[in-house]
Amino acid sequence: MMGGSGSSELLQVLVASVLVGVSTAYIRDESKRLIVEFARAVLEMMFKFVNIVIWTAPVGVCFAVANSIGKNGVSSLSSLGALVATTYGALVVIFVVIFVPIFVYFKINIHEFFVAMREPLAIGFTTASSEAALPKVFECLEEYGVSPHVLAFVVPFGYSFNLDAGAMNLALCSLFCAQAAGIHKTVGEQIVMALMMMVSSKGIAGVRSANIVVLASTITQFDIPSWPVALILGVDWLSDMARTFTNITGNCLAATVMAKLENEFRTDEWKHKRHVQEETLAHLHKESASLGSTS
C-alpha cells in the first residue's frame, strides 16, 4: 500500500495481511487451497528476489559509501562507527538493566545459563540469523530443563515479538538517517519514531539485515529520505551479530522464566531422563576403561 506521496505504509500492510489471513480461514477449502498455493509461490519468488538483492547489494553499498566519503569526507565513516558503538552500548544497557535483574529475581544461574545456550548463541552471533539458531535453541533449552510444552509456545512467539535489540536498533538508525539528511526532530517526534519502530519490528524476519527493509519502509512516514539507509547497510552486519545474540538470549531467558512460572522447569520427568543419561554415560565410560585395560 502506498500513501499519497508514494511512501510505503508498513503498518497498513501488516493489518491488511492479518485481515486477509483471517478471511482466508473462513472460505471454502478449494478457494483456500488456491490462495495458500499462490501465497507460497509468491513467497518463494520473493526469497529468490531477496537473494539476488543480497548478492548484488555489496556493489551498491560500496558506491554509496564512496559517494558519501567523496561528498562529506572521512568524517562520514566516523559517524557510522559512532552508530555501531552506540548500538553495542545500548545492547550492554539491555543486558544490565533488563536481563541481569531477571536472572537475579528468578534465581537463574547466569554462568550455567550461558554455558547451556552457548551453541545457539554462537550460531546466531556468527551468522547474524536467529532462524539459523532456532533448532539448537529448542534442543539446548530442552536439555537445560525447559519443558517442551513451554518451548512450543514461547520460543516461536518470542521470535516474532520479543525483539528488544531489533526495536532498539531501528530507533537508533532512524535518528541516524534524520541526522544524516540534516532533518531536526523534536523530542516528541523522536519518541513517536521510537514507538513506531518498536511496533514495526514485531514479526520481522530472523535473517541477516532484515531490519534494513523495515527501516527503509518506515522512516519515509516521518519525512526522512531513505538514502542514508544505504550507508547503514555497509556496517549493519557489525551490529546485526550483537543484535541477534541479544534477541536469542532474550528468547531463551523468556522461555526459562515461563517454565519456572508454570512449574515446568526441570520436572521429575526431566530429572529422570537426565539420571538415565548420566548412568548410561557412566556405564559406557566403565566399558571403555575396561577395554582399554585389557588391551
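Residues numbered from 1 in each chain as written. Predicted model: local features only at pLDDT ≥ 70, side-chain atom pairs only at ≥ 80, totals over all residues. Heavy atoms only, no water.

1. A short note on the overall build of the protein chain
To be explicit about the condition: Secondary structure elements are taken from DSSP: a helix is a run of H or I of four residues or more, a strand is a run of E of two residues or more, and numbering for both begins at the N terminus. The cut-offs for exposure are 20% and 50% of the maximum accessible area for each residue type, with area from a 1.4 Å probe on protein chains only; residues under the lower value are buried, those over the upper are exposed, and the others partly exposed. By the convention used here, residues are in contact when the closest approach between their heavy atoms is within 4.5 Å.
In terms of regular secondary structure, the protein chain is built from twelve helices and zero strands. Reading the secondary structure of the protein chain in the N-to-C direction produces α-α-α-α-α-α-α-α-α-α-α-α. Classification of the 295 residues of the protein chain by burial places 34% in the buried group. Within the protein chain, residue pairs in contact and separated by at least 24 positions form 75% of the contacts whose partners lie at least 6 positions apart.

2. Points about a nonpolar patch on the surface
To keep things clear, this is the line we draw: Residues qualify for a patch when their relative accessible area is over 30% and they have no salt bridge, like charges being joined within 9 Å and the nonpolar side chains of Val, Leu, Ile, Met, Phe, Trp and Tyr within 5 Å. Using the Shrake-Rupley algorithm and a 1.4 Å probe, accessible areas are obtained, with residue cover drawn only from the displayed protein chains. What counts as a salt bridge is simple: a side-chain nitrogen of Lys or Arg found within 4 Å of a carboxyl oxygen of Asp or Glu.
A surface patch of nonpolar side chains, about 490 Å² in accessible area, is lined by Phe 38, Val 42, Met 45, Met 46 and Phe 49. As for its placement among the helices and strands, Met 45 is situated in helix α2 (residues 29–72). Using a relative accessible area of 46% as the deciding quantity, one classes Met 45 as partly exposed.

3. Observations concerning the confidence of the model for the protein chain
This is how the line gets drawn: Confidence of the predictor at the level of single residues is captured by pLDDT, which takes values from 0 to 100.
For the protein chain, the average pLDDT comes to 81, and 83% of its residues sit at 70 or higher. When pLDDT is averaged over each element of the protein chain, helix α4 (residues 110–116) comes out on top at 94 and helix α12 (residues 268–294) at the bottom at 69. Low pLDDT, under 50, characterises residues 1–8; the stretch is placed with 14 contacts to residues that sit more than four places away or in other chains.

4. Quick look at the packing of helix α9 (residues 187–200) against helix α10 (residues 210–218)
Note the following rule: All axes are obtained by fitting lines to C-alpha atoms, using only the stretch in contact for helices, and the reported angles, taken between N-to-C directions, cover 0 to 180 degrees. Put simply, angles under 35 degrees are roughly parallel, angles over 145 are roughly antiparallel, angles from 65 to 115 are roughly perpendicular, and the rest are oblique. Definitions for this section: a left-handed crossing has its near helix turned counterclockwise from the far helix by less than a right angle. A right-handed crossing has that turn clockwise.
At a minimum axis separation of 11 Å, α9 and α10 run at an interaxial angle of 135°. Viewed along their axes, α9 and α10 adopt a mutual orientation that is oblique. Note that α9 runs across α10; the crossing there is right-handed. On α10, the residues that touch Met 196, Met 197 and Ser 200 of α9 are Val 214, Leu 215 and Thr 218.

5. What about the nonpolar core?
Convention followed: Among buried residues, those of type Ala, Val, Leu, Ile, Met, Phe, Trp, Tyr and Cys that are joined through side-chain atoms within 4.5 Å constitute a nonpolar core.
Judged by nonpolar contacts, the single largest core of 31 residues is most densely connected at Phe 113, Met 117, Val 137, Leu 141 and Val 146. The set of elements that each furnish at least two residues to this core consists of α3 (75–105), α6 (130–144), α7 (148–161), α8 (164–180) and α11 (228–261). With seven residues, the top contributor of residues to this core is α11. Once you skip the residues sitting within four places of it in the chain, Met 117 turns out to touch Cys 140, Leu 141, Tyr 144 and Cys 252. Counting 24 residues, the second largest nonpolar core, distinct from the first, contains Met 196, Ile 204, Leu 215 and Ile 219.

6. Here we look at the packing of helix α5 (residues 118–127) against α6
Here is the rule: Here the term charged refers only to Asp, Glu, Lys and Arg, the term nonpolar to Ala, Val, Leu, Ile, Met, Phe, Trp, Tyr, Cys and Pro, and the term polar to all other amino acids, Gly among them.
Between α5 and α6, the least distance of the axes is 8 Å, while the angle of their chain directions is 170°. Considering their axes alone, α5 and α6 lie roughly antiparallel with respect to each other. When α5 is examined against α6, the residues Glu 119, Pro 120, Ile 123, Gly 124 and Thr 127 are found in contact with a partner set consisting of Ala 132, Ala 133, Lys 136, Val 137 and Cys 140. In terms of residue class, the contact of α5 with α6 is made up of six nonpolar, two polar and two charged.

7. Things to note about the packing of aromatic side chains
Each aromatic ring pair is specified by the distance between its two centres and by the angle formed by the two planes. As a reminder, the rule being used: Centre distance within 6.5 Å is the pairing criterion for rings of Phe, Tyr and Trp, where only the six-membered ring of Trp is used; planes under 30 degrees apart are then read as stacked, over 60 as edge-to-face, and the remainder as tilted.
Counted by the stated rule, this structure contains twelve aromatic pairs. Seen in terms of ring centroids, Phe 113 and Tyr 144 are 5.9 Å apart; in terms of plane orientation they differ by 80°. Their pairing is edge-to-face. Residue Phe 113 is found in helix α4, and its partner Tyr 144 is found in helix α6; the two are separated by 31 residues along the sequence. Taking relative accessible area as the criterion, Tyr 144 reaches 5% and is therefore assigned buried. For the pair Phe 125 and Phe 245, a centre-to-centre distance of 6.3 Å together with 90° between the ring planes defines the contact as edge-to-face. Taken as a pair, Phe 125 in helix α5 and Phe 245 in helix α11 lie far apart in primary sequence, 120 residues in all.

8. A closer look at α7
Defined as follows: Helix span, expected: 1.5 Å multiplied by one less than the number of residues in the helix.
Helix length check: α7, at 14 residues, gives a terminal C-alpha distance of 20 Å against a target of 20 Å (1.5 Å per residue), a fit within 8%. As for α7, its buried residues are in contact with α6 and α11.

9. What to know about the pattern of salt bridges
Once their charged atoms are close, side chains differing in charge can pair, the charge on each being opposite to the other. Scanning all chains against the criterion turns up six salt bridges. With a shortest N-O distance of 3.0 Å, Lys 136 and Glu 119 are connected by a salt bridge. Taken together, the residues Lys 136 in helix α6 and Glu 119 in helix α5 connect sequence positions 17 residues apart. With a shortest N-O distance of 3.2 Å, Arg 243 and Asp 236 are connected by a salt bridge.

10. So, α8
Given a rise of 1.5 Å per residue, 17 residues ought to cover 24 Å, and the 24 Å separating the end C-alpha atoms of α8 matches this to within 8%. Burial analysis of α8 places twelve of its 17 residues in the buried class, the great majority of the element. By the burial criterion, the buried members of α8 are Ala 165, Gly 166, Ala 167, Met 168, Asn 169, Leu 170, Ala 171, Cys 173, Ser 174, Phe 176, Cys 177 and Ala 178.

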